[in-house]
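Below are the chains, spelled out letter by letter.
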Amino acid sequence: MAAFGATVIRAGRRFLSSLPALFGVLVFTFLLMRVLPGDPAVFFASGPNAGNEEIEVIRKQMGLNKPVPEQLMLYLYDVGSGNLGRSMMTGQLVTKDLRERLPASLELTFTALLIALLSAVPLGVLAALRPGSIIDHGVRFFCALGVCVPTFVSGLLLIYVFYYLLGLAPDPTGRVDIFASLPPRRTGFLLIDFLLAGDFDGWWAAFRQLILPALSMALFVVAPLARITRASMLVSLGSDFVRTARSVGLPWWRVVVTYALRNAILPVITIAGIVFSTMLGANVLVEKVFSWPGVASYALDALLSSDYAPVQGFVLLMATVFVIVNLLVDILYGIADPRVTIG
């Protein structure tokens, strides 16, 4: 219990030490949006023939008539009070939009990462146990194929095969069929909410909608996870403690799983954390292909509309998620190897 408390305190310190980085991201994103070409007031005016008076009114509503340093101070004050601004695109607060859409992206990313880990770790272990064999070459070919094919191409191929040709998958139109009734919102994760509501038919429908976009994302990240697993396993299998374990006659599976894989898992955890953060922010193509209502597609639509507040809120959210994920990775380090502590 004392060790857990110390870990929580150290994790809190690590998070506080990340606040300057988050502040830098906040300021940089704000300034970057101001130097991008395009006038959001003109975009959100009633039409291309809108008068200057109407454009000036919108510019004043958005606070763009003030000097940039004053806009920055006001924005930092609003962020400090928990207000990320209002989206001109949806007319809602950015915090509300992100809160509604983030569970969809998290559910998709968690599922894709789970599929990738369940595929990549066994593939990496098999390749390390038989280096130079046909298994190793097959894993290398599969990894190269997964990296070379963009996610939107693999997504379209999966739709063509499993929806159009075989008819096994539902139409790619979001998280659930448009005619299906949604469960009461408790977590925002449809798989969990359907389970809590006891609606197993709805759970199965949501799962079927989820599997193809998750598979599209997983295919792209299997390669780095499998390759780092293979490299780490080769180092572990050639170490002294594995040779000692073999020499005393321990079962083969125990040597591989308990000794080699456990010592090889630390780099995999690191890469998995980076991959998760990357997938969450960069899955916009998959969200667009499958009409998935996530935060990435929301940020892209806002960027194309020169809607500043949602883009700034999205970048701040992704930076915060990145910090939290890296913190969790450090904590998992301590679980996988008790000699490692977070400083």
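Residues numbered from 1 in each chain as written. Predicted model: local features only at pLDDT ≥ 70, side-chain atom pairs only at ≥ 80, totals over all residues. Heavy atoms only, no water.

A. Examining the overall build of the chain more closely. If you tally the helices and strands in the chain, you get 15 helices and zero strands. Across its three principal axes, the chain shows a C-alpha extent of roughly 85 × 55 × 40 Å. Residue burial in the chain is summarised as follows: out of 343 residues, 42% are buried. Accessible surface, the chain as shown: approximately 18300 Å² in total, 70% of it carbon and sulfur. When the 25 positive and 21 negative side-chain charges of the chain are each reduced to one mean point, those points stand 13 Å apart. (Helix = DSSP H or I, 4+ residues; strand = E, 2+ residues; numbered from the N terminus. Buried < 20%, exposed > 50% of the residue type's maximum accessible area, 1.4 Å probe, protein only. Areas by Shrake-Rupley, 256 points an atom, 1.4 Å probe, with all protein chains shown as cover. Lys, Arg positive; Asp, Glu negative; His and termini not counted. Charge placed at Lys NZ, Arg CZ, Asp CG, Glu CD.)

B. Examining the UniProt feature "transmembrane region" (unreviewed entry) in the chain more closely. UniProt's entry tags residues 15–36, 108–129, 141–166, 203–226, 264–286 and 314–336 with the feature "transmembrane region" (unreviewed entry), counted in the numbering of this structure. Here residues 141–166 is 88% helix and 0% strand, with 26 Å between the C-alpha atoms at its ends. The span residues 203–226 is 100% helix and 0% strand, and its two end C-alpha atoms sit 30 Å from each other. (UniProt positions renumbered as here; feature names shortened; annotations may be inferred.)

C. Spotlight on the packing of helix H2 (residues 19–35) against helix H5 (residues 68–80). At a closest axis distance of 11 Å, the pairing of H2 and H5 adopts a crossing angle of 135°. In this view, H2 runs oblique relative to H5, as classed from their interaxial angle. Regarding H2 and H5, the two cross each other, and that crossing is right-handed. Across the interface between the two elements, Phe-23, Leu-26, Val-27, Phe-30, Leu-31 and Arg-34 of H2 pack against Val-68, Gln-71, Leu-72, Tyr-75, Leu-76 and Val-79 of H5. Within the contact of H2 with H5, the residues separate by chemical class into 10 nonpolar, one polar and one charged. (Axes fitted to C-alpha atoms, helices over the stretch in contact; angles between N-to-C directions. Parallel < 35°, antiparallel > 145°, perpendicular 65-115°, else oblique. Left-handed = near helix turned anticlockwise from the far one by under 90°. Contact = heavy atoms within 4.5 Å. Nonpolar A, V, L, I, M, F, W, Y, C, P; charged D, E, K, R; others polar.)

D. Highlighting the packing of aromatic side chains. Tallying each qualifying case throughout the model produces five aromatic pairs. Pairing Trp-203 with Phe-207 gives two aromatic rings, centres 5.3 Å apart and planes at 5°, and the pair type is stacked. Linking Trp-203 with Phe-207, this pair stays in helix H10 (residues 200–237), spanning four residues, or about one helical turn. By relative accessible area, Trp-203 is classed as partly exposed at 25%. Judged by relative accessible area, which is 26%, Phe-207 ranks as partly exposed. A centroid spacing of 5.7 Å and a plane angle of 25° characterise the contact between Trp-204 and Phe-207, whose relative ring orientation is stacked. One end of the pair is Trp-204 and the other is Phe-207, both in helix H10 and three residues apart, which spans about a single turn. (Phe/Tyr/Trp six-rings, centres within 6.5 Å; stacked < 30°, edge-to-face > 60°.)

E. Main features of helix H8 (residues 151–165). Here H8 is 15 residues long and its end C-alpha atoms lie 20 Å apart, about the 21 Å a rise of 1.5 Å per residue gives. Residues Thr-151, Ser-154, Gly-155, Leu-158 and Ile-159 constitute the buried set of H8. Among the structural elements, H10 and helix H13 (284–289) are those in contact with the buried residues of H8. Directly after H8, the chain includes Gly-167, whose backbone phi takes a positive value near 70°. (Expected span 1.5 Å × (residues − 1).)

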